[in-house]
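The lines below spell out each chain.
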Amino acid sequence: MSKLTNREIHLVSRPDGLPVPANFAVVENKVNTEGEGVLIRNLYMSVDPAMRPALSNGQTRLDAVMGGGAIGRVMESTVEAYPVGSYVLHRCGFREYYRSDGKDLSLIKPQGESLTTHLHILGGTGLTAYGGLLVTGELKDGENVFVSAAAGAVGSVACQIAKIKNCRVAGSCGSDDKVAYLKNELGVDYAFNYKTSSISKELHIGLPDGIDVYFENVGGAHLDAACGQMRPLGRIPVCGMISAYNNKGARSEGVTTLSNMIYNRVTMKGFVVYEFNHMKDQFLKDMRTWMSEGRMKYSETIMEGIVEAPNALIGLLQGQNTGKMLVRLSDDV
Ligand SMILES: NC(=O)c1ccc[n+]([C@@H]2O[C@H](COP(=O)([O-])OP(=O)(O)OC[C@H]3O[C@@H](n4cnc5c(N)ncnc54)[C@H](OP(=O)(O)O)[C@@H]3O)[C@@H](O)[C@H]2O)c1
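About the cut-offs
Residues numbered from 1 in each chain as written. Predicted model: local features only at pLDDT ≥ 70, side-chain atom pairs only at ≥ 80, totals over all residues. Pairing = 2+ DSSP bridges. Helix = DSSP H or I, 4+ residues; strand = E, 2+ residues; numbered from the N terminus. Axes fitted to C-alpha atoms, helices over the stretch in contact; angles between N-to-C directions. Contact = placed C-beta atoms within 7 Å. Domains from an automatic or database assignment. Nonpolar A, V, L, I, M, F, W, Y, C, P; charged D, E, K, R; others polar. Buried ≥ 20, exposed ≤ 12 C-beta atoms within 10 Å, placed from the backbone. Near = placed C-beta within 6 Å. Core = buried A, V, L, I, M, F, W, Y, C linked by C-beta atoms within 7 Å. Expected span 1.5 Å × (residues − 1). Parallel < 35°, antiparallel > 145°, perpendicular 65-115°, else oblique.

A. Up close: the sheet that holds strand E13 (residues 267-270). Read across the sheet, six strands follow the order E10-E9-E8-E11-E12-E13 without closing on themselves; strand pairing throughout is parallel. Where the open sheet ends on each side, the last strands, each with one partner, are strand E10 (190-193) and E13. Strand-to-strand twist in this sheet, taken as the mean axis angle between neighbours without regard to direction, amounts to 15 degrees. Two strands pair when backbone bridges link them, and strand E12 (residues 230-238) and E13 are joined in this way by four bridges, in the parallel orientation. By the bridge assignment, Val 238 is partnered in E13 with Gly 270. Sheet strands in contact with helix H3 (residues 153-164) are strand E8 (144-147), strand E9 (168-173) and strand E11 (211-215), and its direction is about 165 degrees off that of E9.

So, in structure tokens, the structure goes:
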């Protein structure tokens, strides 16, 4: 039986604050090319903020291969559902090759779109924005919407869905280039750089009548500013709190404006993407329609090669991505 050399990323020490490259190691091992099951050559892997809390809370084990969403091509297979040459989605990224018994795979059949879209706009990222805004956020036509981390993977989809629903949309992000992207590419009504301005003042300018829906990706100072400007019966779907993820216990900064929730009867509700799994068919139909109409665009930041995977995660936490952060794991794509 011949063997392939596989490289994979292990967590070797738990980060204190922002992860550093020394927290990770590239480890080589051998993978059998023959035998029962499905041998997969990973092509792209997803890099997600939720990977950071997992490095500290024990979910990611030390000295073991890390996990995360990935797309690969089937090289060898004894499982009929996954023939050689087919593309599969699974949760075993951070490695070049993966051997599966087939139970943790799902088949991807692109309909003309790029393979990578299944790791973001047509995958979990898109569904997060779709369900979070329309179901948890109960978005209505014409409302005033604020999205934080607006130029990121989830945020950019949330902004565009709100525009499609005829809303006025303000977005925050961490660079002037991202401000330009939000305004010029995605058609967001008002965008600002939270690193160089007052979030509260910018929201007063961008959404002078207040906020009906705050799509929360960041927490801390963003939540403090937005909560104080919520309109009566406003909703805050809590998608994530990335500003807290490098802190011990992912503790967020204090929020001082919660009393505004009382008389304005504001609802704040957390959600997790799997709550919307039952909506996948409708989600894909809507997204494909919007993409074909040119109303749903995306951007990707792609790092090259498995050795760059730790830097991609560190870079994501520092805002180096516009749209989805990915790592290409094979030259053969
Ligand atoms: N609930 C769910 O099921 C679910 C599913 C997926 C994702 N999420 C959450 O959704 C959010 C966005 O995820 P994503 O995958 O789309 O990532 P992303 O927005 O593409 O990337 C993260 C972005 O967060 C921004 N950021 C980093 N540190 C920040 C800070 N201290 N303050 C403000 N902004 C900061 C950076 O952009 P800037 O340049 O703008 O700073 C960075 O590009 C995250 O909070 C994530 O945990 C939740």
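B. Layout of the domain arrangement of the protein. Under the domain assignment, the protein is made up of domain 1 (3-120 + 299-328) and domain 2 (125-277 + 284-291). Listed by partner, the interface residues are 13 residues for domain 1 and 15 residues for domain 2. A class-by-class count of the residues in the side of domain 1 that touches domain 2 yields four nonpolar, seven polar and two charged.

C. Inspection of unusual backbone geometry at higher detail. Look at Phe 94: it is not a glycine, yet its phi comes out positive at around 60 degrees. Counting through the fold element by element, Phe 94 comes out in the loop between strand E5 (87-90) and strand E6 (97-100). What makes Phe 94 buried here is the crowd of 27 C-beta atoms within 10 Å. The phi angle at Glu 138 is positive, at roughly 45 degrees, despite the residue not being glycine. Residue placement: Glu 138 occurs in the loop between helix H2 (124-136) and E8. Owing to 15 C-beta atoms within 10 Å, Glu 138 belongs among the partly exposed residues under this scheme.

D. Structural detail: the site of the ligand. With respect to spatial proximity, 30 residues lie near the ligand, and among them Gly 152, Val 154, Gly 174, Gly 240 and Gly 319 are the closest. Counting residues per element, the ones that place at least two in the shell around the ligand are H2, H3 and helix H9 (309-317). With three residues, the top contributor of residues to the shell around the ligand is H3. When residues of the shell around the ligand are sorted by domain, at least three fall in each of domain 1 (3-120 + 299-328) and domain 2 (125-277 + 284-291).

E. Broad picture of the nonpolar core. Ala 158 and Leu 182 are the most contacted members of the largest nonpolar core, which totals 91 residues. Here this core gets seven residues from one element, more than from any other, and that element is H3. In contact with Leu 182, not counting residues within four places along its chain, are Ala 150, Ala 151, Cys 159, Gly 171, Cys 173, Val 188 and Ala 191.

F. Summary view of the pairing of E11. Burial analysis of E11 places five of its five residues in the buried class, the great majority of the element. Relative to E11, E8 runs parallel, the two sharing three bridges. From the neighbouring strand, Phe 146 faces E11, where its bridge partner is Tyr 214. As paired strands, E11 and E12 are joined by two bridges and run parallel to one another. Bridge pairing links Ile 211 to Met 230 in E12.

G. Looking closely at helix H8 (residues 280-292). Look at H8: 18 Å from first C-alpha to last across 13 residues, which is about the 18 Å you get at 1.5 Å a residue. Looking one or two places after H8, you find Gly 294, whose phi comes out positive at around 75 degrees.

H. Examining the packing of H2 against H8 more closely. One can describe the packing of H2 onto H8 by two numbers: an axis separation of 11 Å at closest approach and a directional angle of 100 degrees. On the basis of the axis angle, H2 is roughly perpendicular to H8. Across the interface between the two elements, Gly 126, Leu 127 and Tyr 130 of H2 pack against Lys 280, Phe 283 and Met 287 of H8. A breakdown of the residues in the contact of H2 with H8 according to their chemical character gives four nonpolar, one polar and one charged.

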